[in-house]
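Topology and contacts: notes
Take a look at the letters that make up each chain.
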Amino acid sequence: MSSSQPDLQFEALLDYLRQNRGFDFTGYKRSSLMRRVQKRMQPLEIETYSQYQDYLEVTPEEFITLFNTILINVTAFFRDPNSWEGLKQVLSEMLAKKRPNQPIRAWTAGCASGEEPYTLAIILAEALGIDAFRDRVKIFATDVDEEALYQARQGSYTPKELEAVPPDLRQKYFEPVANRYTFLKDLRRCVIFGRHDLVKDAPISRVDLLTCRNALMYFNTETQTKILERFHFALNSGGYVFLGKAEMLFTRSNLFTPVDLRQRIFTKVRRENLRDRYLLRTQADQKLGSQNSDTAQIWESAFNTDPVAQLVIDTEGTLALANDRARSLFGLKPANLGQPLQDLELSYRPVELRSLIEQATNQCRPLHLKDIPWETEGTARWFDLMVIPLQDARGTLLGTKVLFTNITRYKQLQEELASSTQELETAYEELQSTNEELETTNEELQSTNEELETMNEELQSTNEELATINEEMRDRSQELNQVNGFLGSILTSLESGVVVLDQDLQIQIWNYKAEDLWGLRADEVKGSHFLNLDIGLPVQQLRQPIRACLSGGALSEKCSLEATNRRGRAIHCQVTCTPLMEETSEVKGAILLMAAVELDPTAASSLS
């Protein structure tokens, strides 16, 4: 494809960026722009622009990396020191032309991470003094890169980034914070950062100095022309433009003239506006009209068509002339010309004219009255009045000219302005109040955050303690399980039936041998009253031995009972009752050991 023909895939990619992310790069030079996009495509191993567009659609985080690659934010403090020295001389001339309290406005376009506007702030503060700088200077710093603007707003830089700043200026305008240096907060308020697209957004107006260093070089010729037109509009008359080494303003040299071409400093060329053109045209028309022989007719036409209402009163107090605007305003008819002024309503409405005419003629000087109200048919209007004595070359009084200038629209605008000013003041007060509330809320949030952090630390400590306790409980549980298992093994291994009772004679333990003897499972008897059991053992005969053990009267009680086991066989049961005691020697219950011996059937029958 020829270099003069556009790459359709690349143009489609630029259109996609504009529609989906609001960045319009169509004004950039295609060669450098394509080179930067390809730089991003290489590590991703993407070969075509359409494939890269597909990648952007499924990988939104790639936009940030792409924009950082396109918007190369190459900047530094006092970059090209000779150029800044040249700017200092231009600024001294500019400041000398300013009144002592006159504001100074500057605009840094393409400010990147803020080094350039802060450099300009240092130079102006050195030239004016810090107090005057704080009161008079506003520096507007703009860029399209939000990430760079975020860094610029912090005003924080590493020692390496400040190497170009002289040590005395670094100490004067920066304060050390941790391992970085931060621009003084008191002066930082004079530097206002904001996002601004040189191609799409309206320019910042009424600036005395505009710096745009090595930013125009990335745009094509058509876009440069549009941007320079906006720069020209933004500058005050006599304002200066400070460009980078790579920019020469070739495209529109008629807008600016060089002040120091070597250092790329230019001044605004004043262009003839529409008002100047009309003035020249009017002067030409007057010159042409003076050559016309019918001068009287021209004068009459000019008088009648004048947009300002005019009256002429002769020395006798008679209305001599009234132009079309005056006749329409005061409702005058041709018959009113030649009548005494005192017979007409306009002699006293909207203002007393006769006394003013007398005063002007007696003093032989014009009189001015401002803001005269006049309400007709429910409509309020305002006028400025001028009463001018008419004299010939010898000073003889010929009459008086009265002019009514309608300032109704001006008064309305003035009232609207006053109302808007009041609304702005109210809004400002509300904004200030809201700001204070936000600051208070921020303090409260910070305090709450600190409390939460403290609470989090306490919770972490408590959690660690609980974890330790949990481990101990787990260990104890394991030990208890082992002990229980061991005790269960013992109880299972014993050849005797074991029954453990509490103080209320309720069964707590009923071992396997007891189950085998009496035919009741442990879960059937646990918690039951021992003396209420219906088994082959005469349990009522054990009441007294058990009570003796519980009262601590004896360490062991033994008795022999005749019983019948679960199989219906007669047995001889040897019961041993022992107190269940704690370490404190307190009796908690009783332990019954039951050893059974089956009787010989013959012996059993003889016993019966």
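Residues numbered from 1 in each chain as written. Predicted model: local features only at pLDDT ≥ 70, side-chain atom pairs only at ≥ 80, totals over all residues. Heavy atoms only, no water.

1. Some thoughts on the side chain of Thr-361
As a reminder of what qualifies: Numbering of helices and strands runs from the N terminus, with a helix taken as a DSSP run of H or I at least four residues long and a strand as a DSSP run of E at least two residues long. Three labels apply to residues, based on accessible area from a 1.4 Å probe with only protein chains included: buried if under 20% of the type maximum, exposed if over 50%, partly exposed otherwise in between. Distance and chemistry together define a polar contact, namely a pair of N or O atoms within 3.5 Å, with one atom able to donate a hydrogen and the other to accept it when in protein, and with adjacent residues in sequence counting only for side-chain atoms on both sides. Working rule for contacts: check all heavy atoms of both residues, and any pair within 4.5 Å makes them a contact.
As for its placement among the helices and strands, Thr-361 is situated in helix α15 (residues 353–363). Residue classification places Thr-361 among the buried residues on the basis of a relative accessible area of 18%. A polar side-chain atom of Thr-361 sits 2.9 Å from the main-chain carbonyl oxygen of Glu-358. If sequence neighbours within four positions are ignored, Thr-361 has contacts with Pro-389, Leu-397 and Thr-400.

2. Things to note about the pairing of strand β4 (residues 174–177)
When a strand is regular, its side chains alternate between the sheet's two faces. As a reminder, the rule being used: Being paired, for any two strands, means DSSP has found at least two bridges between them.
As paired strands, β4 and strand β5 (residues 180–183) are joined by four bridges and run antiparallel to one another. Across the sheet, residue Val-177 finds its bridge partner in β5, namely Arg-180. Here β4 folds back onto β5 in antiparallel fashion, the turn holding two residues, of which Ala-178 has a positive phi close to 60 degrees.

3. A look at the state of the cysteines
Under the convention used in this document: Here, a disulfide means two cysteine sulfur atoms that sit within 2.5 Å of each other.
Under the counting rule described, the total for this entry stands at zero disulfides. This cysteine, Cys-573, is not joined by any disulfide, and Cys-559 carries the nearest cysteine sulfur, 8.1 Å off. The exposure class of Cys-573 is buried, given its relative accessible area of 0%.

4. Here's the deal with the environment of Thr-408
Assignment of secondary structure puts Thr-408 in helix α16 (residues 408–493). On a C-alpha basis, the gap between Thr-408 and Ala-380 in space is 8.0 Å, while along the polypeptide they are 28 residues apart. Each residue touching Thr-408, except ones within four places of it in the same chain, is listed here: Ala-380, Arg-381 and Trp-382. Among the polar contacts made by the side chain of Thr-408, one reaches the main-chain amide nitrogen of Trp-382 at a distance of 3.0 Å. Among the polar contacts made by the side chain of Thr-408, one reaches the side chain of Asn-406 at a distance of 2.6 Å.

5. So, a negative patch on the surface
Quick reminder of the rule: Without a salt bridge and with relative accessible area above 30%, a residue can belong to a patch; like charges are then joined within 9 Å and nonpolar side chains (Val, Leu, Ile, Met, Phe, Trp, Tyr) within 5 Å. Areas reported here follow the Shrake-Rupley algorithm with a probe of radius 1.4 Å; residue values treat only the protein chains shown as occluding. Between Lys or Arg on one side and Asp or Glu on the other, a salt bridge is scored when a side-chain nitrogen of the former is within 4 Å of a carboxyl oxygen of the latter. By the counting rule applied here, Lys and Arg register as positive and Asp and Glu as negative, while His and the ends of each chain are not counted. By convention, the charge on Lys lies at NZ, on Arg at CZ, on Asp at CG and on Glu at CD.
Together, Glu-436, Glu-437, Glu-439, Glu-443 and Glu-444 give the surface a local cluster of negative charge. As for its placement among the helices and strands, Glu-443 is situated in helix α16.

6. Describing the packing of helix α5 (residues 81–97) against helix α6 (residues 115–128)
Put simply, the rule reads: All axes are obtained by fitting lines to C-alpha atoms, using only the stretch in contact for helices, and the reported angles, taken between N-to-C directions, cover 0 to 180 degrees. Roughly parallel here means an angle under 35 degrees, roughly antiparallel means over 145, roughly perpendicular means 65 to 115, and every remaining angle is called oblique. Left-handed describes a crossing whose near helix is turned anticlockwise from the far helix by less than a right angle; the clockwise case is right-handed. As a working rule, the residues Ala, Val, Leu, Ile, Met, Phe, Trp, Tyr, Cys and Pro are called nonpolar, Asp, Glu, Lys and Arg charged, and the rest polar, with Gly in that last group.
Interhelical geometry of α5 versus α6 gives an angle of 50 degrees and a closest axis separation of 11 Å. Judged on the interaxial angle alone, α6 and α5 are oblique. For the pair α5 and α6, the crossing hand works out as right-handed. Contacts from Trp-84, Leu-87, Lys-88, Leu-91 and Leu-95 in α5 reach Glu-116, Thr-119, Leu-120, Ile-123, Leu-124, Ala-127 and Leu-128 in α6. Broken down by class, the residue content of the contact of α5 with α6 amounts to nine nonpolar, one polar and two charged.

7. Description of unusual backbone geometry
Negative phi is the rule for most residues except glycine; trans is the rule for most peptide bonds. Even without being glycine, Asp-371 reaches a positive phi, approximately 55 degrees. With respect to the helices, strands and loops of the structure, Asp-371 is situated in strand β13 (residues 367–376). The backbone phi angle of Leu-505 is positive, close to 65 degrees, even though this residue is not glycine. Residue position: Leu-505 is located in the loop between β16 (497–502) and β17 (507–510). The class of Leu-505 is buried, set by a relative accessible area of 1%.

8. Some words on the packing of aromatic side chains
Inclusion rule: Only Phe, Tyr and Trp rings take part, Trp by its six-membered ring, and two of them pair if their centres are within 6.5 Å. Stacked means planes under 30 degrees apart, edge-to-face means over 60, and tilted covers everything else.
Going through the model one piece at a time under the given rule, you end up with 14 aromatic pairs. Between the aromatic rings of Trp-84 and Phe-242, the centroid separation amounts to 5.2 Å while the plane-to-plane angle is 80 degrees, which identifies the pairing as edge-to-face. Of this pair, Trp-84 sits in helix α5 while Phe-242 is found in strand β8 (residues 235–243), placing the two residues 158 residues apart along the sequence. Residue Trp-84 shares its accessibility class with Phe-242, and that shared class is buried.

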